[in-house]
Amino acid sequence: IPPGDRRLAKSGLFQSKVISKPVDVVARGVITPEPSYDMDQVGIPEDAAWALYKDFVMRKLTQRGFSPVAALENIENKTPTAKQLLNEVMSERPVIADRAPTWQKFNFLAFWPHIVDGKTFRLNALVNKGFNADFDGNCVDFDSHINLRLPESLLDLFKSSLYTDPANKEKC
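Because the structure is predicted, anything quoted here is derived from the model rather than measured. (Residues numbered from 1 in each chain as written. Predicted model: local features only at pLDDT ≥ 70, side-chain atom pairs only at ≥ 80, totals over all residues. Heavy atoms only, no water.)

Notes on the pairing of strand S2 (residues 41-45)
For step 1, the next point in the chain: The buried fraction of S2 amounts to four of the five residues, a majority that puts the element mostly inside the structure.
For step 2, the next point in the chain: Where S2 and strand S5 (residues 121-123) come together, two bridges link them in antiparallel fashion. When the sheet's bridge partners are listed, glycine 43 is paired in S5 with arginine 122. (Buried < 20%, exposed > 50% of the residue type's maximum accessible area, 1.4 Å probe, protein only. Helix = DSSP H or I, 4+ residues; strand = E, 2+ residues; numbered from the N terminus. Pairing = 2+ DSSP bridges.)

Structure representation (structure tokens):
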């Protein structure tokens, strides 16, 4: 926009607060129970994991000396290097699950992702009460924050951090 030409500039409260903000990467899917998982773990289908973490894997590949085109080819071909970096990124960055409608704090939780076979997301059955889910086709949105640094407040969204020890009133 040329300086002084205000006709072309987008302005206004809605534009500045809602539309111009960066959007997190989102995957949506049906949830199924997985009793072997911890309350802070979620199983993510491989295609959804690539969609959620593609940008982070691309950044890691370019930091290791790949050109952007070569990094994109590695991701599209799902090479062993790209898969290794995907697992590395997934261990560093939790996903946030949001079960609409979000009326309480248990509808918005963080989980550590793991790649699973199939097309459904897998959660521990103990989590379904807070999500008001009964595993009959309920869908949940999974977000991956695009911020480079993990916000400390995100660590409070893990299910295990919401419980307190009755003896000393501290988090377990």
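Brief notes about helix H3 (residues 68-77)
For step 1, the next point in the chain: Every buried residue belonging to H3 is among Ala71, Asn74 and Ile75, and all of these are buried. All buried residues of H3 fall inside an arc of 95 degrees around its axis, so they share one side. The outward face of H3, more than 90 degrees from its buried face, is lined by the exposed residues Val69, Glu76 and Asn77.
For step 2, the next point in the chain: Among the residues trailing H3, lysine 78 stands out with phi positive, at a value near 50 degrees. (Arc of directions from axis to C-beta.)

Examining the sheet that holds strand S4 (residues 108-116)
For step 1, the next point in the chain: The strand order around the closed barrel built from six strands is S1-S5-S2-S4-S3-S6, with neighbouring strands paired in mixed fashion. Averaged over all pairs of adjacent strands, the angle between strand axes in this sheet comes to 45 degrees, irrespective of strand direction.
For step 2, the next point in the chain: Alignment of strand S3 (residues 95-98) against S4, held across four bridges, turns out to be antiparallel. Looking at the pairing, isoleucine 96 lines up with alanine 110 of S4.
For step 3, the next point in the chain: Helix H2 (residues 46-63) rests against strand S1 (25-33), S2, S3, S4, S5 and strand S6 (139-144) of the sheet, and its axis sits at about 100 degrees to S2. (Axes fitted to C-alpha atoms, helices over the stretch in contact; angles between N-to-C directions. Contact = heavy atoms within 4.5 Å.)

Looking at the environment of threonine 62
For step 1, the next point in the chain: Among the secondary structure elements, threonine 62 is positioned in helix H2.
For step 2, the next point in the chain: What makes threonine 62 partly exposed here is its relative accessible area of 31%.
For step 3, the next point in the chain: With 10 residues separating them along the chain, threonine 62 and leucine 72 place their C-alpha atoms 9.5 Å apart.
For step 4, the next point in the chain: Ignoring any residue separated from it by four or fewer positions in sequence, one finds threonine 62 in contact with Ser67, Pro68 and Ala71.

Some words on the pairing of S3
For step 1, the next point in the chain: A two-sided burial pattern is seen for S3, the buried positions comprising Val95 and Ala97 on one face and Ile96 and Asp98 on the other.
For step 2, the next point in the chain: As paired elements, S3 and S6 share three bridges and run antiparallel to each other. Within S6, the position partnered with isoleucine 96 by the bridge is aspartate 143.

Description of the side chain of asparagine 74
For step 1, the next point in the chain: Structurally, the position occupied by asparagine 74 is in helix H3.
For step 2, the next point in the chain: With a relative accessible area of 13%, asparagine 74 lands in the buried category.
For step 3, the next point in the chain: Those residues in contact with asparagine 74 that lie beyond four places of it in its chain are Leu61, Phe66, Thr79 and Ala82.

Some details on the nonpolar core
For step 1, the next point in the chain: The biggest cluster of nonpolar side chains holds 32 residues, and the ones touching the most others in it are Val57, Phe111 and Phe142.
For step 2, the next point in the chain: For this core, the element with the most residues is H2, which contributes eight residues. (Core = buried A, V, L, I, M, F, W, Y, C linked by side-chain atoms within 4.5 Å.)

Some details on the packing of aromatic side chains
For step 1, the next point in the chain: Applying the stated criterion to the full structure yields one aromatic pair.
For step 2, the next point in the chain: Considering the side-chain rings of tyrosine 53 and phenylalanine 56, the 6.2 Å spacing of their centres and the 50 degrees angle between planes classify their relative orientation as tilted. Separated by three residues within a single helix, tyrosine 53 and phenylalanine 56 lie in helix H2, roughly one turn from each other. (Phe/Tyr/Trp six-rings, centres within 6.5 Å; stacked < 30°, edge-to-face > 60°.)

As for the packing of H2 against H3
For step 1, the next point in the chain: In the contact formed by H2 and H3, the axes pass within 9 Å of each other and the chain directions differ by 140 degrees. By the angle between their directions, the pair H2 and H3 is classed as oblique. For H2 against H3, the interelement crossing comes out right-handed. For the pair formed by H2 and H3, the contact residues are Trp50, Lys54, Val57, Met58, Leu61 and Thr62 on the first element and Pro68, Ala71, Leu72, Asn74 and Ile75 on the second.
For step 2, the next point in the chain: Residues of the contact of H2 with H3, tallied by class, amount to eight nonpolar, two polar and one charged. (Parallel < 35°, antiparallel > 145°, perpendicular 65-115°, else oblique. Left-handed = near helix turned anticlockwise from the far one by under 90°. Nonpolar A, V, L, I, M, F, W, Y, C, P; charged D, E, K, R; others polar.)

Bear in mind that shape data such as this cannot, by itself, settle questions of function.
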